[in-house]
Structure formats: structure tokens, C-alpha cells
Amino acid sequence: MLNVPTLWTAFVINFFTMGLIWAYVVRSYPKLEAARFWTASALVAGLGAGIATLRVIVDSLLPLLASGTVLIFAACLAAMGIRRFYDRPVSWRQSFLIAGATCATLIFFIVVHDSMPIRILVYTVGLSLPLALTLKLLLARQEGRSAAGARLAGIITAFMIAIFAIRAGANLLGLDFDFARSSSPQSFVVLMLMFLSMALNFGFLLMTMDRLRNEVADLALIDDLTGVGNRRLLVQRLTEECARSERGGEPFALLVIDLDGFKTINDTYGHAAGDACLQHFTLMAQTRLRPGDLLARTGGDEFCIVLPFSTLREGVMIARRVLEVCRQDAENCTGADVPIAVSIGVAQWTRETGAFPDRLIAAADHALYAAKKEGKNRYAAYDPAPPLVPEPGPMLPARKSA
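The structure presented is a predicted model; accordingly, all values stated were derived computationally and were not measured.

Draft legend 1. Spatial organisation of the overall build of the protein. Scanning the protein for helices and strands turns up 13 helices and six strands. Expressed along its principal axes, the backbone C-alpha trace of the protein runs to roughly 95 × 50 × 35 Å. Relative to its 402 residues, the protein shows a buried fraction of 48%. Here the analysis covers contacts within the protein between residues at least 6 apart in sequence; of these, 68% occur between residues at least 24 apart. Within the structure as shown, the protein displays about 20000 Å² of accessible surface, and the carbon and sulfur contribution to it stands at 62%. Here the protein holds 38 positive side-chain charges and 34 negative ones, and the gap between their average locations is 5 Å.

Draft legend 2. Representation of the packing of aromatic side chains within the structure. Across all of its chains, the model carries 11 aromatic pairs by this definition. Ring centres of Phe 73 and Phe 96 lie 5.2 Å apart, and the angle between their planes is 20 degrees; this geometry places the pair in the stacked category. Within this pair, whereas Phe 73 is found in helix α3 (residues 62-85), its partner Phe 96 is found in helix α4 (residues 92-112), the two being separated by 23 residues in sequence. Residue Phe 73 is classed as buried on the basis of its relative accessible area, which comes to 18%. Aromatic ring contacts, followed pair by pair, group Trp 22, Trp 38, Phe 85, Tyr 86 and Phe 204 into a single cluster. One residue, Arg 211, lies across the ring of Phe 85, its end atom 4.0 Å from the ring centre.

Draft legend 3. Broad picture of the nonpolar core. Ranked by internal contacts, the top residues of the largest apolar core, which has 57 residues, are Phe 11, Trp 22, Trp 38, Tyr 86, Phe 204 and Met 207. Of all elements in the fold, only α1 (4-28), α2 (33-52), α3, α4, α5 (116-132), α6 (135-139), α7 (148-172) and α8 (184-219) reach the threshold of two or more residues within this core. Core analysis: the next-biggest nonpolar cluster, separate from the first, contains 32 residues, Leu 259, Met 284, Ala 285 and Leu 289 among them.

Draft legend 4. View of the pairing of strand β1 (residues 253-259). For β1, the tally of buried residues reaches seven of seven residues, placing the bulk of the element in the interior. What you see with β1 is no split at all: Ala 253, Leu 255, Ile 257 and Leu 259 on one side and Leu 254, Val 256 and Asp 258 on the other are buried throughout. The pairing of β1 with strand β3 (residues 302-307) spans six bridges and is antiparallel. Bridge pairing in β3 links Val 256 to Cys 304. Sheet topology places β1 next to strand β4 (residues 342-348); seven bridges connect them, and they run antiparallel. If you follow Leu 254 over to β4, its bridge partner there is Ala 347.

Draft legend 5. Here's a closer look at the pairing of β3. Most of β3 is tucked away: five of the six residues are buried. Linkage of strand β2 (residues 294-299) to β3, two consecutive antiparallel strands, is achieved through a turn of two residues, within which Gly 300 is found at a positive phi near 60 degrees.

Draft legend 6. A look at the packing of helix α9 (residues 231-248) against helix α13 (residues 357-373). Look at α9 against α13: their axes get within 9 Å of each other, and the N-to-C directions meet at 105 degrees. By the angle between their directions, the pair α9 and α13 is classed as roughly perpendicular. Each of Leu 238, Thr 239 and Cys 242 in α9 lies in contact with α13, whose residues at this interface are Pro 357, Leu 360 and Ile 361.

Draft legend 7. Structural context of the packing of helix α10 (residues 262-269) against helix α11 (residues 271-286). Packing of α10 against α11 leaves a shortest axis separation of 6 Å and a crossing angle of 140 degrees. Considering their axes alone, α10 and α11 lie oblique with respect to each other. Across from Phe 262, Ile 265, Asn 266 and Tyr 269 in α10, the residues of α11 making contact are His 271, Ala 273, Gly 274, Cys 277 and Leu 278. Taken together, the residues of the contact of α10 with α11 break down into six nonpolar, three polar and no charged.

Draft legend 8. Fine view of the side chain of Arg 297. Of note, Arg 297 is situated in strand β2. Within the structure, Arg 297 has its side chain in polar contact with the backbone oxygen of Gly 300 (distance 3.0 Å). The contact partners of Arg 297, leaving out residues within four places of it in the chain, are Asp 223, Leu 225, Thr 226, Val 228, Gly 229, Asn 230, Arg 231, Leu 278, Glu 302 and Phe 303.

Draft legend 9. Just α3, in detail. In a regular helix each residue adds 1.5 Å, so 24 residues correspond to 34 Å; α3 covers 35 Å between its end C-alpha atoms and thus fits that length. Buried residues dominate α3, accounting for 19 of its 24 residues. Residue Asp 87 follows α3 closely and has a positive phi angle near 60 degrees.

Rules used throughout
- The written sequence of each chain sets the order in which its residues are numbered from 1.
- The predicted origin of the model limits local features to residues at a pLDDT of at least 70 and limits the giving and counting of side-chain atom pairs to 80 or more, whereas totals for whole chains, interfaces and linings rest on all residues.
- The side-chain numbers reported here are obtained from all heavy atoms of the structure, hydrogens and water having been left aside.
- Runs of E in the DSSP output that reach at least two residues are strands. Runs of H or I that reach at least four are helices, and both are numbered from the N terminus.
- Between buried and exposed lies partly exposed: a residue is buried under 20% and exposed over 50% of the maximum accessible area for its type, with that area taken using a 1.4 Å probe on protein chains only.
- Should any heavy atoms of two residues lie within 4.5 Å, those residues are considered in contact.
- Calculation of accessible area relied on Shrake-Rupley with a 1.4 Å probe; when residues are assessed, cover is drawn exclusively from the protein chains displayed.
- When charges are counted, Lys and Arg contribute as positive and Asp and Glu as negative, whereas His and the chain ends are disregarded.
- Lysine's charge is taken at NZ, arginine's at CZ, aspartate's at CG and glutamate's at CD.
- Between the rings of Phe, Tyr and Trp (Trp by its six-membered ring), a pair exists once the centres lie within 6.5 Å; its type follows the angle of the planes, with under 30 degrees stacked, over 60 edge-to-face, and the other angles tilted.
- Whether a charge sits over a ring depends on NZ of Lys or CZ of Arg being within 6 Å of the ring centre and within 35 degrees of the ring normal.
- By convention a nonpolar core is built from buried Ala, Val, Leu, Ile, Met, Phe, Trp, Tyr and Cys residues, the set being connected through side-chain atoms within 4.5 Å.
- One bridge is not enough; two strands pair if DSSP finds at least two bridges between them.
- Helix axes are fitted to C-alpha atoms over the stretch in contact, other axes to C-alpha atoms as well, and angles between N-to-C directions run from 0 to 180 degrees.
- What sets the label is the angle itself: under 35 degrees gives roughly parallel, over 145 gives roughly antiparallel, 65 to 115 gives roughly perpendicular, and the rest give oblique.
- Charged means Asp, Glu, Lys or Arg here, nonpolar means Ala, Val, Leu, Ile, Met, Phe, Trp, Tyr, Cys or Pro, and polar covers whatever is left, Gly included.
- Counting of polar contacts relies on pairs of N or O atoms within 3.5 Å, with two restrictions inside protein: one atom must be capable of donating a hydrogen and the other of accepting it, and residues adjacent in sequence are counted only when both atoms are side-chain atoms.
- The span expected for a helix works out to 1.5 Å for each residue beyond the first.

Written as C-alpha cells, this is what we have:
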């Protein structure tokens, strides 16, 4: 049978090894703040386990008291890492309060009223509380995504809390589960906790891998220059909207936008000025969109805007807003400023569009060509009968972009 001191020594090796692994993660990914807390948690837990081994040479409960307090603080650090991973605020005061209050209560039940079952219960509450407060974060879906690493960490955390609760309950019923003595049940519990602590850290590592993988996937959907969605994201969103509309019959609208005279801007002012115009237009257009609308750059000087749950008329309203902000900005241009003018085609999903985004894009493109033909710096809406409805009323003259 493995005795408890030997298992505590294995605990020390395990925690310090995980601390070194997390230290490497911190060095490789310095922006991952949660890894700093998990590194500290593993190293502090290793220190706590090392203090516990002194019980072999010191005939006193002091090593176990100090070890328990340090291990509770390590659990608080692990919980803080989970909160930082999900961009939640952390409280050092709360961590010190949990560790300090647990230590003070343990001292009371050692010095004033000696009761091993109550001490084990107090230790169980102190160690379980910070971890229990993070279970909701670990098991809930974040931003519509379900992460395998977070689920694993949540399940392991629940198992660890359950083991501590069973141990505390057993001691209250008169069974001997004191970590100060070696016995088969104690060895089994310590071995299980060592295995679960390793598995919990692997869960944290999987969470980190899930986060990095999601960030890479998100980058593949973002336009490098403007920071808005790219063509891949547009097609993905249009496919989803077409499927939703086909199921429920709810329409949505699409705007196809082209910067007028963009080639002239590049030829006259250079590509750096052209890039600046694209970025400036992106910022202006975003100020006129609603929450849930998607602006994407499909290539060159072409953009698209997806308007969920919107009719053709609502799409026309957004097109007018985008035109107005561009025209106002052009009127305020002075000196070397380059005015921006755009043409916009507007189309709405119909039953004829079905689940084929290309049909909707073609309809909006058809309207865009009509706006260009009418003199640019305006919009046109696609309607099969009549085919095109140009912008009503007198048009402002199209500004030269160069």
C-alpha cells in the first residue's frame, strides 16, 4: 500500500511539473493572462503539498494547517485563472478572504475546540468554494460555442468537489479520513485527487487550445486591411440567412457597394491613399448599421452589407444612410483629403432565391450596375417587376474621387 507521505511527495512532483508546463505556455503566449494564474496555482499547490510532507518529521498539526491554507489559496488562483480566461474581473480580496477565513476557522477547531471532522468540513468548504463559483462559466456555452476543454475542466471540478464532500460527510459519520494518517481509504482518496488535479490542468490546456483554434478560425474570416468580414464570412452568413428565411419565410436584405473612381484614387494618390479610403469608408459605414448587421469586404473596392430580418424598403433606408454619411464627409473634404463616393445595389431575399446566396448577390449586383449607369454616387433597388427602381428624386452630382 502506498502511504500518504509518499503520495504527497508525488503531489509535489506533479504540481511543479504542471507549473513548468504553464510557465512555458506563459512565455509562448504572453497575452493569455489566465495562464499566469494557472502557473501560479500549480506552483503554489506544489509548495502546499511540500509543506504537508513535513508532517512526517514534525509531530504537530501545524504543517497540515499551513499546507491546507496554501492549497486553498492555490484553488483560488486556479479559479481566478478561469475568470480571466473568460474576461471576467478577479478579486484578490476575495481569494485572501477565503484562505484567511478558512485558516482562522481551522485554528479555532485545533486550539479552542479540537474536532477533526469539523476541521475536514471547514477545509472542504474552503477548497471547494472558489472552484464551485466557476462551474457555471466552465459548463455554459460561450458565444454560442461549446468547448470540450471547458466541459472537461467543469466535470473534473465537480468530481473533485464531490470527493471532498464525500470525505467530509464520512468523517462526520465517524469514518477516519484524516490525511495525517496512512490507510487504504486515505491512499485511495489522495491518489484520486492527484489524478484529478492533473486532469484538471489538462482541461485548462485544452481550453487554451480551443481558444487559440477559435482565434485562428476567426482570423480566417476577417479582412486584414479593414478589420471587417471577408468574402468567406459573407458567404457563410448569407448561406445561414437563406436557410433561415427558407424555413421561416422571413426576408432579409443585401447591399452591394462599390467605391466610385477607386482606380483613379490609386493611380493619382497611390495605393496607400486607396487603402486609407477603404478603411475610412469602413468606419463611416459602420456608424450607420444596426446591431446584427454584417459589413464585409468582398475584394478590391467592393463591400456587402447583410441586413437580417429586413425588407427591401429597410435595405433602401440603410443604403440612404450610407450614402448620406459619405456625401457629408465628401463635402467636408479640404486640401489633400480624398472624397469618397459610392454606388449601392439593394436586393431582398425571395422564395425564388431559395437557399442559393449567389442568386441574391446577382440581384444586388444587377441593381448596382443600374446605379452606376444612372450616374454613380447613388443607389438602386432590385425588383423583378419592374426590374429596377432607381433612387427617387433629384440626385446630388457624383463627386470626382480623384
